[in-house]
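A look at the structure
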Amino acid sequence: MGKRRETPAGERVLIVGGGLAGVRTAVELRERGHTGPVTLLGAEPHRPYDRPPLSKAVLLGEAEGDEPLVPPADLAAADITVLTGRRAVGLRPADREVDTDAGPLPWDRLVIATGADPLPLPGPAAGPGNGGVHTLRTVEDARALRAVLGARRHLVIIGAGWIGAEVATAARRAGCPVTVLEAGPQPLAGTLPAGVTAPMRAWYAEIGAELRTDARVTGVGPDGVVLADGTAVAAGAVLVGIGARAATAWTAGSGLPLEEDGTVTVDSALRAGLPDVWAAGDCAAHPSARYGRRMAVQHWDDALRAAATVAAGVLGEPAEHDPVPYFWSEQFGRMLQWVGAPGPGDRVLYRGDPADPTRTVLWLDERDVPTAVLTVDRPRDLAQARRAVERRTPLDPGRAADPGTPLKAALRAG
């Protein structure tokens, strides 16, 4: 660890949230030299663990789901106090205290990293039989869903998004009948253009999962899922995967600025609009000079990068958070990777046949600068396009469209 120092405006740092953003912020503070008390508050009873395996390996019994983000011994050696099973219920900035279900905790500098909670299904949700209605955020959620897969119940997944696709893949591998209900006209509706997602329909069929689009759900009853047209879909269990909302309701009445979607309004240094308060990870929305809009990027890579920005800010060092978004998803035996954030006027460019099993899709602005890229099992394209997106390097569209031409050979002077 580096040379230690005190924070400029107080020694006690309280981090609310035991996920990636919270844990990495605590570690970064120590690595950057903070010597005052660091307390990490987590609502779950577990020590901080890695979440990406929950929708994959944990469901298949290949992992238990409590694999630590940082070895507990390392947190102890860094003198980071971890409070598990303790939930924040209120914020009193004037008193510099966070109220919890086990009493108040003081702070001199506060980091909010409470993540996001799955959106509930509108309408009744009584649950079918013994399978129940599930969401997927915690290790307990994953283990409960693993029991459904182990019993090979018919799983109905509401929402054909990233989580829905990953769970459908695991459920079919486990031998479960799977039906996916999507309210939109195609998978990932509202996330990607229809032309890009159209080939994904076939992926569900390839693994034997039924995909039903334009299927709006109004509720879940004892016999299954009820649709807006009055029909019912029989189910042994239901997974609701229709999105997430920032877990910030506990800050109500504190004066903390929030966006309409519940994310904390932060500046480019992730300061949260109250003195000595920062926010990071899935619960924060930062202004992006790169993309000219405020963004809530609810992915692993963004949380990791945000932690370094927050730690620097807590220590009074200059910092700015404006990374190029990146995430990945393993589904249907494929690796999907995404970089960037396209604008509304950007045009889509396919490298080769859009129906190819492996594929690359680029978004270009009016200057032929790539603003985003989606790859399916093309890691080389991803690496080369990522550099172009980050550096705002224009491409020759004709050469970039040829899958036989390396993307780096399609770059041109800006």
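Residues numbered from 1 in each chain as written. Predicted model: local features only at pLDDT ≥ 70, side-chain atom pairs only at ≥ 80, totals over all residues. Heavy atoms only, no water.

1. So, the overall build of the protein chain
The number of helices and strands found in the protein chain is 9 helices and 26 strands. For 414 residues, the compact-globule estimate of 2.2 N^0.38 gives 22 Å, and the C-alpha radius of gyration of the protein chain, at 22 Å, lies within 12% of that figure. A principal-axis box enclosing the C-alpha atoms of the protein chain has dimensions of 60 × 55 × 35 Å. Split into buried and exposed, the 414 residues of the protein chain put 52% on the buried side. Sequence separation of 24 or more characterises 61% of the internal contacts of the protein chain that already satisfy a separation of 6 or more. Working note: accessible area of the protein chain is about 17100 Å², and carbon and sulfur atoms make up 51% of it. Averaged over its 45 positive side-chain charges, the protein chain has a centre that lies 3 Å from the centre of its 50 negative ones. (Helix = DSSP H or I, 4+ residues; strand = E, 2+ residues; numbered from the N terminus. Rg over C-alpha atoms; globule rule 2.2 N^0.38 Å. Buried < 20%, exposed > 50% of the residue type's maximum accessible area, 1.4 Å probe, protein only. Contact = heavy atoms within 4.5 Å. Areas by Shrake-Rupley, 256 points an atom, 1.4 Å probe, with all protein chains shown as cover. Lys, Arg positive; Asp, Glu negative; His and termini not counted. Charge placed at Lys NZ, Arg CZ, Asp CG, Glu CD.)

2. Considering the environment of Ala215
Following the sequence through the fold, Ala215 ends up in the loop between β12 (210-212) and β13 (217-221). Separated by 51 residues in sequence, Ala215 and Val266 have C-alpha atoms that sit 37 Å apart. Not counting residues within four places of it along the chain, the set of residues in contact with Ala215 comprises Leu181, Glu182, Ala183 and Leu227.

3. Looking at the pairing of strand β22 (residues 326-331)
Moving residue by residue along a regular strand, the side chains alternate between the two faces of the sheet. In the sheet, β22 pairs with strand β23 (residues 334-340) via 6 bridges, with the strands oriented antiparallel. Paired with Tyr326 across the two strands is Val339, which belongs to β23. Counted along the chain from β22 to the antiparallel partner β23, the turn is 2 residues long, and its residue Phe332 has a positive phi close to 55 degrees. (Pairing = 2+ DSSP bridges.)

4. Comments concerning the environment of Arg153
Inspection of the secondary structure assignment puts Arg153 in the loop between α3 (139-150) and β10 (155-158). For the pair Arg153 and Gly175, spaced 22 residues apart in sequence, the C-alpha to C-alpha distance is 8.8 Å.

5. Digging into the side chain of Thr360
Mapped onto the fold, Thr360 is located in strand β25 (residues 359-364). A polar atom in the side chain of Thr360 sits 2.7 Å from the side chain of Asp381. When neighbours within four sequence positions are excluded, Thr360 is seen to be in contact with Leu349, Tyr350, Arg351, Val373, Leu374, Thr375, Arg378 and Asp381. (Polar contact = N/O pair within 3.5 Å; in protein donor to acceptor, adjacent residues only side chain to side chain.)

6. Topic: the domain arrangement of the protein chain
Per the domain assignment, the segments making up the protein chain are domain 1 (13-118 + 244-315), domain 2 (133-240) and domain 3 (333-409). Taking only C-alpha atoms, the centre of domain 1 and the centre of domain 3 are 33 Å apart. Each partner contributes residues to the interface: domain 1 has 6 residues there, and domain 3 has 8 residues. Of the roughly 510 Å² buried between domain 1 and domain 3 on both sides combined, carbon and sulfur atoms contribute 33%. The largest per-residue losses of area from domain 1 upon contact with domain 3 belong to Arg290, Tyr291 and Arg293, which jointly make up 81% of the total buried on that side. At the boundary of domain 1 and domain 3, one finds 0 salt bridges. Across the contact surface, domain 1 and domain 3 share 3 residue pairs in polar contact (both at pLDDT 80 or more). (Domains from an automatic or database assignment. Buried area = accessible area lost by both parts, 1.4 Å probe. Salt bridge = Lys/Arg side-chain N within 4 Å of Asp/Glu carboxyl O.)

7. Topic: the UniProt feature "domain: Reductase C-terminal" (unreviewed entry) in the protein chain
The positions that UniProt labels "domain: Reductase C-terminal" (unreviewed entry) are, in the present scheme, residues 326-410. In this annotation, residues 326-410 is assigned 20% helix and 35% strand; the end-to-end C-alpha distance for the span is 22 Å. (UniProt positions renumbered as here; feature names shortened; annotations may be inferred.)

8. Side note on unusual backbone geometry
Both trends apply: most residues other than glycine have a negative phi, and most peptide bonds are in trans. Of note, Arg96 is a non-glycine position whose phi angle comes to about 55 degrees, a positive value. By the element assignment, Arg96 lies in the loop between β4 (88-92) and β5 (97-100). Of note in this structure, Arg152 is not a glycine but carries a positive phi near 55 degrees. Checked against the element boundaries, Arg152 lands in the loop between α3 and β10. A residue is classified by how much of its surface remains accessible, and Arg152, at 56% relative accessible area, is exposed.

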